[in-house]
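One letter stands for each residue in the lines below.
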Amino acid sequence: MIVQAFLRWAETAKAAERAAAAKALVRAYLQSTLFGEQRKAAMIAITHLLDDPSPVVRLGLAEALAVSAEAPRAIVLSLAQDQSEIAATVLASSPVLLDADLIDLIGRGDVCTRAAIAARTGLSAPVAAAVAEVGEPEVISVLLENGTARIGRISLRRMAERFAAEAAIRAALLERGDLPADARHILVAELGNALAELDLVRNVIGGLRMRRLTREICELAAVVIAGTAARDELPELVEHMRASGRLTPAFLMQALCAGRIEFFAEAIRNLSGLEERRVRSILATGRMHAVRALFESVGLARDVSVLFVEAVMLWREAGRSDDIKGESEIAATLVRRFRDRVPPHSTAGELLDIVERAEIDRQRRAARDYVGSMILEAA
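Predicted model, so just to flag it, every value in this text is computed and none were measured.

Calculation notes
Residues numbered from 1 in each chain as written. Predicted model: local features only at pLDDT ≥ 70, side-chain atom pairs only at ≥ 80, totals over all residues. Heavy atoms only, no water. Helix = DSSP H or I, 4+ residues; strand = E, 2+ residues; numbered from the N terminus. Buried < 20%, exposed > 50% of the residue type's maximum accessible area, 1.4 Å probe, protein only. Contact = heavy atoms within 4.5 Å. Areas by Shrake-Rupley, 256 points an atom, 1.4 Å probe, with all protein chains shown as cover. Salt bridge = Lys/Arg side-chain N within 4 Å of Asp/Glu carboxyl O. Core = buried A, V, L, I, M, F, W, Y, C linked by side-chain atoms within 4.5 Å. Axes fitted to C-alpha atoms, helices over the stretch in contact; angles between N-to-C directions. Parallel < 35°, antiparallel > 145°, perpendicular 65-115°, else oblique. Left-handed = near helix turned anticlockwise from the far one by under 90°. Nonpolar A, V, L, I, M, F, W, Y, C, P; charged D, E, K, R; others polar. Arc of directions from axis to C-beta. Phe/Tyr/Trp six-rings, centres within 6.5 Å; stacked < 30°, edge-to-face > 60°. Polar contact = N/O pair within 3.5 Å; in protein donor to acceptor, adjacent residues only side chain to side chain. Patch = residues over 30% accessible without salt bridge, like charges linked within 9 Å, V, L, I, M, F, W, Y side chains within 5 Å.

**Digging into the overall build of the protein**
- Each helix and strand in the protein was counted, giving 23 helices and zero strands.
- With 379 residues in all, the protein has 44% of them scored as buried.
- Expressed as a percentage of contacts within the protein between residues at least 6 apart in sequence, the contacts between residues at least 24 apart total 57%.
- For the protein, the accessible area works out to roughly 19,700 Å², and carbon and sulfur atoms hold 55% of it.

As structure tokens, this is what we get:
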């Protein structure tokens, strides 16, 4: 009788009054203060309120049901498909919504729906993957700000592929320690493109010089990424760089001179198609002609392959003695030994020029870092 009276009263009550009453009815239902026929009638009344013409009433229902694990699933699912504000109330927090429900709603909903789901506490990896696949930039930003969301490496890579040109998303992704190396490279390359397109930069530096500097900076960043990537990330990173045309002889030489041996070995394995164990064995202990044959099998010309062979031998020597200290002397020794032996405008000569410029840039950066640290200590 109480519920029947409520329904009769609701026909003439104002929207705000109906909303307050709806919340009270839901609380009574969830707290199990209604039993038997009264409980069944209360469920009918709550279901009836889903069709209330006022969104204020339906929002009241959503607010009362949002955080309860005992909320009727059918009611919550209905509210999750209501207008944006009402749907977002339950989507953001209702524990009765399953991953399958959320993934379906991500596909069928609007930007508000997806943003509410992206903000859920403890968002699972499958749901985060669905958001990463179809979410708008503002939705992706919400997901990345959700510190409790479990976001897989594939999802992070997908976001990098879709939104590398979005500065805010790019910055948020680059700040993550779990960002895959190939995704980091995508973002760094896009950052270089963005800098090159700035009118101020082009006007000050000039278009041709800016493009050259951008290319060199991106290659330097790629060398750093290659050195910091976990070993299990290297196959994906190498494949990404090969597919994007970035595994050039110049880049491979810079990586080798910089001591990115793990990355270099994986790159040669990828390009040659040989087994990893075979490639590593040749690089580590193979005779000079075997190492040269390996490099020529990936398409390096003879005059270029001898430079790579020499760099490999120098690193072997560095591992056996203290005569060569590291990447600085590897590059310097390589340039010194071959500068007078290769034509200046040949492919090998151009490769030596790149190695020499990279080493000069490295020395200048090291000097700036040293002076900067001395100034800070003095201050």
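Read on for the rest.
**Examining the pattern of salt bridges**
- All told, the structure shown has 25 salt bridges when counted by the stated rule.
- A salt bridge links aspartate 101 to arginine 73, with the nearest nitrogen and oxygen atoms 2.6 Å apart. Here aspartate 101, found in helix 7 (residues 99-108), pairs with arginine 73, found in helix 5 (residues 73-79); they are 28 residues apart in sequence, far enough to count as distant.
- A salt bridge links arginine 158 to glutamate 133, with the nearest nitrogen and oxygen atoms 3.1 Å apart. With arginine 158 in helix 11 (residues 153-163) and glutamate 133 in helix 9 (residues 125-134), this pair connects stretches of sequence that are 25 residues apart.
- Glutamate 133 sits in the partly exposed class, given a relative accessible area of 39%.
- A single network of salt bridges, built from pairs that share partners, joins Arg153, Arg157, Asp182, Asp232, Glu233 and Glu236.

**Remarks on the nonpolar core**
- Within the largest apolar cluster, 58 residues are counted, with the highest numbers of intra-cluster contacts made by Leu79, Leu91, Leu143, Met159 and Leu173.
- When neighbours within four sequence positions are excluded, leucine 173 is seen to be in contact with Leu144, Leu156, Met159, Ala160, Leu179 and Leu187.
- Membership of the second largest hydrophobic core comes to 51 residues, among which are Phe264, Val279, Val291 and Ile330.

**With respect to the packing of helix 18 (residues 261-272) against helix 19 (residues 276-285)**
- In contact at an axis separation of 9 Å, helix 18 and helix 19 are set at 125° when each is read in the N-to-C sense. When the interaxial angle is binned, helix 18 and helix 19 end up oblique. Of the two elements, helix 18 crosses helix 19, and the hand of that crossing is right-handed. Listed contacts from helix 19 to Glu262, Phe264, Ala265, Ile268, Arg269 and Ser272 of helix 18 are Glu276, Val279, Arg280 and Leu283.
- Taken together, the residues of the contact of helix 18 with helix 19 sort by class into five nonpolar, one polar and four charged.

**Comments concerning helix 12 (residues 167-174)**
- Along helix 12, the residues that are buried comprise Ile169, Arg170 and Leu173. End-on view of helix 12: buried residues confined to an arc of 100°, all on one side of the axis.

**Some remarks on the side chain of asparagine 146**
- Counting through the fold element by element, asparagine 146 comes out in the loop between helix 10 (137-145) and helix 11.
- Residues contacting asparagine 146, with those up to four places away along its chain left out, are Ala118, Ala119, Arg120 and Leu123.

**Quick notes on the packing of aromatic side chains**
- Under the definition given, this model contains four aromatic pairs.
- An angle of 90° between the planes, with centres 5.8 Å apart, marks the rings of phenylalanine 251 and phenylalanine 263 as edge-to-face. Taken together, the residues span a long stretch of sequence, with phenylalanine 251 in helix 17 (residues 249-257) and phenylalanine 263 in helix 18 at a distance of twelve residues. Phenylalanine 263 matches phenylalanine 251 in its accessibility class, with the two residues each being buried.
- Among the aromatic residues, those joined into a ring-pair cluster are Phe264, Phe295 and Phe308.

**Observations regarding helix 8 (residues 111-118)**
- Among the residues making up helix 8, those that are buried are Thr113, Arg114, Ala116, Ile117 and Ala118.
- Looking at the packing, one finds that the buried side of helix 8 touches helix 6 (84-91), helix 7, helix 9 and helix 10.
- One side-chain oxygen at the N-terminal end of helix 8 lies 3.2 Å from the backbone nitrogen of cysteine 112; it belongs to aspartate 110.

**Points about the environment of aspartate 353**
- Within the element layout of this structure, aspartate 353 appears in helix 23 (residues 347-378).
- For aspartate 353, a relative accessible area of 27% corresponds to the partly exposed category.
- Put simply, aspartate 353 and valine 335 are 18 residues apart on the chain and 8.2 Å apart in space, counted from C-alpha to C-alpha.

**Re the environment of methionine 241**
- Looking at where methionine 241 falls in the secondary structure, it is placed in helix 16 (residues 234-243).
- What makes methionine 241 buried here is its relative accessible area of 1%.
- Considering only alpha carbons, one finds methionine 241 and alanine 267, 26 residues apart in sequence, at a separation of 9.2 Å.
- In this view, methionine 241 contacts His185, Ala222, Arg246, Leu247, Phe251 and Phe263; residues no more than four positions away in its chain are not counted.

**Points about the environment of glutamate 266**
- Assignment of secondary structure puts glutamate 266 in helix 18.
- On the basis of relative accessible area, glutamate 266 is assigned to the buried category, the value being 5%.
- In the structure, glutamate 266 is positioned 14 residues away from arginine 280 in sequence and 8.7 Å away in space, judged by C-alpha atoms.

**Topic: a nonpolar patch on the surface**
- Nonpolar side chains collect at one region of the surface, where Tyr370, Val371, Met374 and Ile375 lie side by side and expose about 410 Å² of accessible area between them.
- Structurally, the position occupied by methionine 374 is in helix 23.
- Note on methionine 374: relative accessible area 39%, which makes it partly exposed.

**Details of the side chain of arginine 157**
- Along the chain, arginine 157 falls in helix 11.
- Among the polar contacts listed, one links the side chain of arginine 157 to the side chain of glutamate 236, at a separation of 2.7 Å.

**A look at the packing of helix 10 against helix 12**
- Where helix 10 meets helix 12, the axes come as close as 10 Å, and the angle between the chain directions of the two elements is 25°. Of the possible angle classes, the one that applies to helix 10 and helix 12 is roughly parallel. Crossing handedness for the pair helix 10 and helix 12: left-handed. Contacts from Pro137, Ile140, Ser141 and Leu144 of helix 10 reach helix 12 at Ile169, Ala172 and Leu173.
- Residues belonging to the contact of helix 10 with helix 12 are distributed by class as follows: six nonpolar, one polar and no charged.

Read these as layout, nothing more, since geometry by itself doesn't imply function.
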